[in-house]
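Here is what each chain is made of, one letter per residue.
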Amino acid sequence: MQIPLCIVALFVGFFAIAQQKPNIIVILTDDQGWADVGFNGATDIPTENLDKLAHEGVVFSNGYVSHPYCSPSRAGLLTGRYQSRFGHDCNLPYKEVNDNTIGTPLSEKLISEALKEQGYRTSAIGKWHIGDHPDLHPPAQGFDHWFGLPGGGMNYWGLPQSEAKRIYRNGEKVLQDELTYLTDDFTEEAISFINKKDDRPFFIYLAYNAPHTPDHVTEKYLNNTKHIEYGGRSVYGAMVNAIDINVGKINATLIANNIKENTILIYLSDNGGRITYADNGPNRGHKGMLFEGGIKVPFFMVWPKKIQSGLTYEKVISSLDIFPTILNAAGGNANNEKQLDGVDLIPYIVGENKNEPHEKLFWRSTGGFEYASRVGDYKLYKSAYKDKTLLFDLSKDPSERFDIADEHPRIVASLEKEYADWDKENIPPKWIDPHAENVI
């Protein structure tokens, strides 16, 4: 039977449009310090591949995440919403519980689900940590393919520690002897997904568990940081270097497949650098705190087809912006997703929109145990650790050295009200923060 030419043209046109959609890779690291990459000033840790990629696109010098530690930050990134909107204020309990209400609920729409609506094939690789229960694993949240661990962390050799701390592939347990070093294993899985022959564009959420503890690294990476005399920093640096080399392999795969020009690659950490061995300087504080060191992260975006190289974007942006940015790039309409709290960054990056992406940003930990408001250049931080409400003018004091709360009570009151108004749209945490009984 001969197919009418109009039908043939229709299908050719459909596939041509599909091929115009960009491939998308979001690479998330775990507890990486602001100054642990060369493009933010690191001189001791070799990050040549990351630095090259960052130079090929735009570096966000004021890029924030929505929470100062792992699970809530991931929930915000993947939903494009302040995670307090749905009660995901806290890390998941350290003791495993058979409860499918602990984690990001299925009622929340993830970026993976939005991209599937745009014809994408989707993959989650690495650390999940927004729901340990099988009902909340990636296959139930819009991902066609999954390779990684459900929980928050494990050893780097793939040795199973519990049901949440072991490696799965599409719901099936992966034997430890099939694994080598998780940073390498996650990369190889991503490369395999990229190389798969398929007419559809792809979305990969690649969440390395490095450089989170435990401090495990192979000799080949440790050789690259043996010049660092401080042993703890040397091992940590080697874990970062492993990420760098593996991201370089992914970049080489894009080039080999002739798809780099129309691939969006976004790189960031889930929160500020960990307490030990990471470098958040010149920012104050570290993971777990709402000082800049806990919420400002290394952050860049590359899309050669759309974004020119060598850019630094200095205005305030958020990990919440990733969802609307890549959804619009994929042919969707973020304006139809009324739940989103972020904005499409592309018009700002390319200079079409000269305004501020965000005049206001807010953070809440454990239902308001700690919170922060950034409105313009002023930042208010209600610190439980300091037992004080602090105020900083980040235009004059980006390192948050000088608390000016006592001198500016009206500004303090204004930012307190801004926070309270924002918090009215949130709900209480749905489970108890395990940090109440453990050190962050």
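On a predicted model such as this, the values are computed, not experimentally measured, just so you know.

Novice: What am I meant to see in the packing of helix α5 (residues 182–195) against helix α7 (residues 231–256) here?
Specialist: Two packed helices can be described by the angle between their axes and the distance between those axes. Where α5 meets α7, the axes come as close as 10 Å, and the angle between the chain directions of the two elements is 10°. When the axes of α5 and α7 are compared, the pair comes out roughly parallel. From α5, T183, D184, T187, E188, A190, I191, I194 and N195 reach across to α7, where they touch A242, I243, N246, K249, I250, T253 and L254. Class assignment for the residues of the contact of α5 with α7 results in seven nonpolar, five polar and three charged.

Novice: Would you mind showing me how to read the pairing of strand β10 (residues 299–302) here?
Specialist: Every regular strand shows the same layout, with side chains that alternate between the two sheet faces. Burial along β10 is two-sided: the residues F299 and M301 and F300 and V302 are all buried. Relative to β10, strand β2 (residues 58–60) runs antiparallel, the two being bridged by two bridges. Paired with V59 across the strands is F300, a residue of β10. Direction of pairing for strand β9 (residues 263–269) relative to β10: antiparallel, over a ladder of four bridges. For I266, the partnering residue across the bridge sits in β10 and is M301.

Novice: Just to check I follow, could you spell out the packing of aromatic side chains for this structure?
Specialist: Overall, the coordinates contain 20 aromatic pairs when judged by the stated rule. With a centroid separation of 6.1 Å and 35° between ring planes, the pair formed by Y181 and Y221 is classed as tilted. With Y181 in the loop between β7 (172–173) and α5 and Y221 in helix α6 (residues 219–222), this pair connects stretches of sequence that are 40 residues apart. Residue class for Y221 comes out buried when judged on its relative accessible area of 2%. Aromatic side chains Y267 and F300 sit 5.3 Å apart centroid to centroid with 10° between the ring planes, which places their arrangement in the stacked category. Of this pair, Y267 sits in strand β9 while F300 sits in strand β10, placing them 33 residues apart in sequence. Residue classification places Y267 among the buried residues on the basis of a relative accessible area of 0%.

Novice: Sorry, what's going on with the sheet that holds β2 here?
Specialist: Paired through their backbone hydrogen bonds, the strands of a sheet run either parallel or antiparallel. The 10 strands lie next to each other as β7-β6-β5-β4-β8-β1-β9-β10-β2-β11, forming an open sheet whose pairing is mixed. Of all the strands in the sheet, just β7 and β11 (311–313) have a single pairing partner and so form its edges. Where strand β1 (residues 23–29) lies against strand β8 (residues 202–207), five bridges are found, and the strand directions are parallel. Note on β8: the bridge partner recorded for L28 is A207. Across the sheet, helix α9 (residues 322–329) is in contact with β1, β8, β9 and β10; its angle to β9 comes to roughly 175°.

Novice: In this structure, what is going on with the pattern of salt bridges? I would like to understand it.
Specialist: Between side chains of opposite charge, a pair can form when the charged atoms approach closely. According to the stated counting rule, one finds 29 salt bridges in the structure shown. Where R274 meets D215, a salt bridge forms, and the shortest distance between an N and an O atom there is 2.8 Å. Placement of the pair is R274 in the loop between β9 and α8 (292–295) and D215 in the loop between β8 and α6, with a sequence separation of 59 residues. The class of R274 is buried, set by a relative accessible area of 5%. Its relative accessible area of 31% is what places D215 among the partly exposed residues.

Novice: Help me understand the state of the cysteines, please; the structure alone is not making it clear to me.
Specialist: Formally, a disulfide is one covalent bond, and it connects the sulfur atom of one cysteine to the sulfur atom of another. Enumeration over the complete set of coordinates arrives at zero disulfides. The closest cysteine sulfur to the non-disulfide-bonded C90 is located on C70, 13 Å from its own sulfur. Judged by its relative accessible area of 1%, C90 is buried.

Novice: Would you mind showing me how to read the layout of surface pockets here?
Specialist: Which parts of space are left empty comes out when a probe the size of a water molecule is rolled across the atoms. Here the largest pocket defines a volume of roughly 540 Å³. In this structure, the largest pocket is lined by 27 residues; those nearest its centre are N91, Y94, G152, H212 and K287. Residue composition of the lining of the largest pocket, grouped by class: 10 nonpolar, 10 polar and seven charged.

Conventions used here
Residues numbered from 1 in each chain as written. Predicted model: local features only at pLDDT ≥ 70, side-chain atom pairs only at ≥ 80, totals over all residues. Heavy atoms only, no water. Axes fitted to C-alpha atoms, helices over the stretch in contact; angles between N-to-C directions. Helix = DSSP H or I, 4+ residues; strand = E, 2+ residues; numbered from the N terminus. Parallel < 35°, antiparallel > 145°, perpendicular 65-115°, else oblique. Contact = heavy atoms within 4.5 Å. Nonpolar A, V, L, I, M, F, W, Y, C, P; charged D, E, K, R; others polar. Buried < 20%, exposed > 50% of the residue type's maximum accessible area, 1.4 Å probe, protein only. Pairing = 2+ DSSP bridges. Phe/Tyr/Trp six-rings, centres within 6.5 Å; stacked < 30°, edge-to-face > 60°. Salt bridge = Lys/Arg side-chain N within 4 Å of Asp/Glu carboxyl O. Disulfide = S-S within 2.5 Å. 1 Å grid on protein atoms, 1.4 Å probe; cavity = no way out; pocket = protein on both sides within 12 Å on 5 of 7 lines; lining within 4 Å. Points joined across faces, edges and corners; volume = space filled by probe spheres on them.

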